[in-house]
Amino acid sequence: MSDSVTGLNAEFAALVGLDWADRKHCLALVPTAGGEIEKGELDNTPEAIAAWAAGLDERFGGRPIAVAIEQKRGAVVHMLRRHPQLVLFLVRPGMSASFRHAFYPSGAKNDPGDTALLLDLLIHHRERLQRYQPDDEKTRLLERLVEERRKAVNEKTRFVLQLTDCLKQYFPQVLRWFHSVDSPVVADLLDQWPELAKLQRTNPAKLAKFLGEHKGLNQERIQERIQQIYAAVAATSDPVVIEACSRRAVSLVQHLRVFWADIADLTKRIAELVADHPDTPIFRSLPGAGAATVPRLIAAFGTKRERFETAYQLQCYSGIAPVQQASGKTRVVHFRRACPKFLRQTFQEFAGQSIRFSTWAKAFYLNQRSHGTAHHAAVRALAYKWIRIIFRCWKERQPYDEQLYIAAAQRRGALLGPALAAVTDAKTSTNARWTKVAGFHQLAGDFA
């Protein structure tokens, strides 16, 4: 192996394969000037990694050292990034697993063997590995915060569903009295009156004052709600169910309050970062891109224009581009699963939102649906088209102009004339309406 390393580009003084673990990292190093492979272990502590990096810096005179690691973002990557002479190459877990299966079909696996495979990938297939090139600080922070916000929203949704199920068991009237259990009025009500019997023993004046302190109810609706409260019949008289479920409901409400505060704080900080970001005007110009979508699109593209040479690279990387498998006369196109899921979700959700605000996007979607394409597949096809458009705006640092794009597309014959006309006519048609399905808006009626 050392002979093949000797002829490598002199960019790196040494190549390192590092298989990380919770306590100890297994590593293999080979100098590019020639020599045998050196193997060893490294404690998973900042001090051990700092001492190891300092030793390499002294040994190789500060020259760059390539490190292949099977981790995109984590504690080890953060510790290695502190040392500028270490150039990280990120190996996808699926790539190393396939590489391992090719050479060890028996399924044998151990840390030294995985380390050797990582080093082999770095030596022979470096051009296929992703070189870690971190974006600027604000963009990286924005990327982390939008992901954290989405996780918080998902966790909040989980608790909302649990609270809904809990109320159905002993206090289902709450689900009818209020539009959503994901609201402060429901939380405050359950804090004070976690069960129907306690609520019905309350003075009507106190109930009227409580309901009046929350938005969304006028006097007429307040009186109607109070009448419903006193006329309600308990779903169960079993004291075991009532006490257990009421305690559970109060606990879930407390969890929801934590997530409400966390999401509000994240939203505020994200808005501050977006306001100061140089690419904000580009993404705010996109039809359907709102307060939640703009920061996600900024994070998706980043600020390093050299990261992607073509829009197709981003289409594939994001998972929006489908995968084609061909063998002989057989050709199959299917959904791309190996991709950053949050990134694919960002583009797909934006495309779905744009249908309501962009004339040509609606025409494209309707044309896809008219040919029998399922809703989500049609939205992904639209996202595929949107990435090319946004990529051009991003590269040229120019905001999107709907009319300019439509005029250019019509000159090229890239827009479907009948579909575009149908969308224009649909603005005054009573058959054109939108419905919310699984959190997304899609056309219903004759246009679905």
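As the structure is a prediction and not an experimental result, all values here were calculated from the model.

Peer 1: Explain the pairing of strand E3 (residues 38–43) to me, please; I cannot follow it from the model alone.
Peer 2: Note on strand geometry: in a regular strand, side chains alternate between the two faces of the sheet. Sheet topology note: the strand E2 (residues 24–31)/E3 ladder contains 6 bridges and is antiparallel. Bridge pairing in E3 places Leu27 opposite Gly40. From the end of E2 to the start of E3, which pair antiparallel, there are 6 residues, and Gly34 there has a positive phi angle of about 115 degrees.

Peer 1: How should the pairing of strand E8 (residues 330–334) be read in this particular structure?
Peer 2: Bridging between strand E7 (residues 323–327) and E8 involves 5 bridges; their strand directions are antiparallel. Across the sheet, the residue bridging to Ala326 is Arg331, located in E8.

Peer 1: Is there a simple way to explain the sheet that holds strand E1 (residues 14–19) in this structure?
Peer 2: Whenever strands of a sheet pair, they do so through backbone hydrogen bonds, lying parallel or antiparallel. Pairing is mixed across the open sheet formed by 6 strands, whose spatial order is E3-E2-E1-E4-E5-E6. A strand with exactly one partner marks an edge of an open sheet, and here the two such strands are E3 and strand E6 (130–131). Alignment of strand E5 (residues 86–90) against E6, held across 2 bridges, turns out to be antiparallel. Note on E6: the bridge partner recorded for Phe89 is Arg131.

Peer 1: For this particular structure, what's the right way to read the packing of aromatic side chains?
Peer 2: We describe a pair of aromatic rings using the distance from one ring centre to the other and the angle between the two ring planes. On inspection of all chains with the given rule, the structure shows 15 aromatic pairs. Judged by centre distance (5.6 Å) and plane angle (35 degrees), the ring pair of Phe159 and Phe259 falls under tilted. Note that Phe159 is positioned in helix H6 (residues 137–170) and Phe259 in helix H12 (residues 239–276), a separation of 100 residues in sequence. As far as burial versus exposure is concerned, Phe159 and Phe259 are alike and both buried. Within the aromatic cluster, the residues linked to one another by ring pairs are Phe283, Phe301, Phe347, Phe391 and Trp394.

What counts and how
Residues numbered from 1 in each chain as written. Predicted model: local features only at pLDDT ≥ 70, side-chain atom pairs only at ≥ 80, totals over all residues. Heavy atoms only, no water. Pairing = 2+ DSSP bridges. Helix = DSSP H or I, 4+ residues; strand = E, 2+ residues; numbered from the N terminus. Phe/Tyr/Trp six-rings, centres within 6.5 Å; stacked < 30°, edge-to-face > 60°. Buried < 20%, exposed > 50% of the residue type's maximum accessible area, 1.4 Å probe, protein only.

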